[in-house]
Structures are given as C-alpha cells and as structure tokens.
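A look at the structure
Here is how the chains run, residue by residue.
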Amino acid sequence: MDISTARKRLEEMRDELDRSISYLQGSDPLGGAGYPKDSADAGASLSENDRTEAILLSARSQRDGVLAALARIEHSTYGKCVDCAHEIPAGRLEARPDAARCVGCQGKQSRRR
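Structural notes, computed from the coordinates. Per chain, the residues get numbers from 1 upward, laid out in the order the sequence is written. Only residues with pLDDT of at least 70 get local features here, since the model is predicted, and only at 80 or more are side-chain atom pairs given and counted; chain-wide, interface and lining totals rely on the full set of residues. Each side-chain value is worked out from all heavy atoms of the structure, with water and hydrogens disregarded.

Turning our attention to the overall build of the chain. Of the regular secondary structure elements, the chain holds four helices and zero strands. Per-residue burial for the chain yields a buried fraction of 25% across its 113 residues. Here a residue-residue contact requires only that any non-hydrogen atoms of the pair lie within 4.5 Å. Across the chain, the fraction of contacts at a sequence separation of at least 24, relative to all contacts at a separation of at least 6, is 55%. The Shrake-Rupley method, run with a 1.4 Å probe sphere, supplies the accessible areas, and residue values consider only the shown protein chains as cover. Accessible surface computed for the chain: about 7400 Å², of which carbon and sulfur atoms make up 51%. Elements are defined by DSSP. Helices are runs of H or I of four residues or more, strands are runs of E of two residues or more, and each kind is numbered from the N terminus. For every residue, the accessible area obtained with a 1.4 Å probe (protein chains only) is divided by the maximum for its type, and the residue is called buried under 20%, exposed over 50%, and partly exposed between those limits.

Looking now at the pattern of salt bridges. By convention in these notes, a salt bridge is any Lys or Arg side-chain nitrogen within 4 Å of a carboxyl oxygen on Asp or Glu. Inspection of every chain in the model, using the stated rule, returns ten salt bridges. One salt bridge in this structure joins Glu-94 and Arg-9, with 3.9 Å as the shortest N-O distance. Placement of the pair is Glu-94 in helix H3 (residues 90-95) and Arg-9 in helix H1 (residues 3-26), with a sequence separation of 85 residues. Taking the relative accessible area as the measure of exposure, Arg-9 reaches 27% and is therefore partly exposed.

Let us look at the side chain of Arg-72. Residue position: Arg-72 is located in helix H2 (residues 39-74). No salt bridge is formed by the buried Arg-72; its nearest oppositely charged neighbour, Asp-98, is found at 7.0 Å. Every residue in contact with Arg-72, bar those within four places of it in the chain, is listed here: Thr-77, Tyr-78, Val-82, Asp-98, Ala-99 and Ala-100. We count Lys and Arg on the positive side and Asp and Glu on the negative side, and we leave His and both chain ends out.

Below, the discussion takes up the environment of Glu-53. Within the fold, Glu-53 resides in helix H2. Note: C-alpha distance between Glu-53 and Gln-25 (28 residues apart in sequence) is 8.8 Å.

Here we take up unusual backbone geometry. Positive phi is not limited to glycine here, since Ser-76 has a value of about 60°. Topologically, Ser-76 is positioned in the loop between H2 and H3. Overall, the relative accessible area of 63% leaves Ser-76 in the exposed class.

Quick look at the environment of Leu-93 now. Residue placement: Leu-93 occurs in helix H3. For the pair Leu-93 and Tyr-78, spaced 15 residues apart in sequence, the C-alpha separation works out to 9.7 Å. Apart from the residues within four sequence positions on either side, Leu-93 is in contact with Met-1, Arg-9, Tyr-78, Gly-79, Ile-88 and Ala-99.

Counting residues in each nonpolar core, the largest one holds 18 residues, and the members touching the most others are Leu-10, Val-66, Leu-70, Ile-73, Tyr-78, Cys-81 and Leu-93. Those elements that provide at least two residues to this core are H1 and H2. By nonpolar core we mean a set of buried residues, namely Ala, Val, Leu, Ile, Met, Phe, Trp, Tyr and Cys, connected to one another through side-chain atoms within 4.5 Å.

The next subject is H1. Here the expected span of a helix is defined as 1.5 Å times the quantity of residues minus one. In a regular helix each residue adds 1.5 Å, so 24 residues correspond to 34 Å; H1 covers 34 Å between its end C-alpha atoms and thus fits that length. Of all the positions in H1, only Ala-6, Leu-10, Leu-17, Ile-21 and Leu-24 are classed as buried.

Keep in mind these numbers describe shape, not what the thing actually does.
This is the structure we're talking about:
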C-alpha cells in the first residue's frame, strides 16, 4: 500500500473513531434522570454503563494505534515493524493499516499479554 493511500485510510479511521468516542461520551442511558428507583433497573443501567465504558476504552485504544501509525508515516518508519524493523507485509497493511508489527512479532506480543 502506498503512503498516501495509507494516510487517507488512517485519517478516515481516526475521524470515525473520534465520532464514535464523542457519541459514546455523550450517551446517557438514564437520560440524565439519575439512578432509577427500581433495583432491577439500576442493575441494568450499571451494566449498560459498564458496556459503554468497555467500548470507549477499546475505541480509545484503537485511536491511539491509528495516531501512532500516522506518526510513523511522518517519521518515515511506516511499514516497518516497531520490534524487529523488518518490512510489514503489504497484505497485513491492507487489512490493518495501523499495524505496528510484522506477524511474527505481533504473535509474540499477543502471547506476552
């Protein structure tokens, strides 16, 4: 994938994540009414809030990865693995323009977690 195409896709991803994060931060499942009086409703609201927080955390993490990829473009290191400095295969970058690692190093990173 050429750099201009990668930059465009990453910028689109960033913009979409920004919209999603803004929406989720503004969402209030209780409509600003506070906790419901019924304990079952309160439990459902807390569960919904937990789901929203988990989605927000994931979206912020994805956004961080996209911003890091854009920074790699600016520093002319895009497409090189951040661990071993080998080229990341074009197919991987097509599928995941924000990929920071080659497949081998990503596998090692995933196993460490």
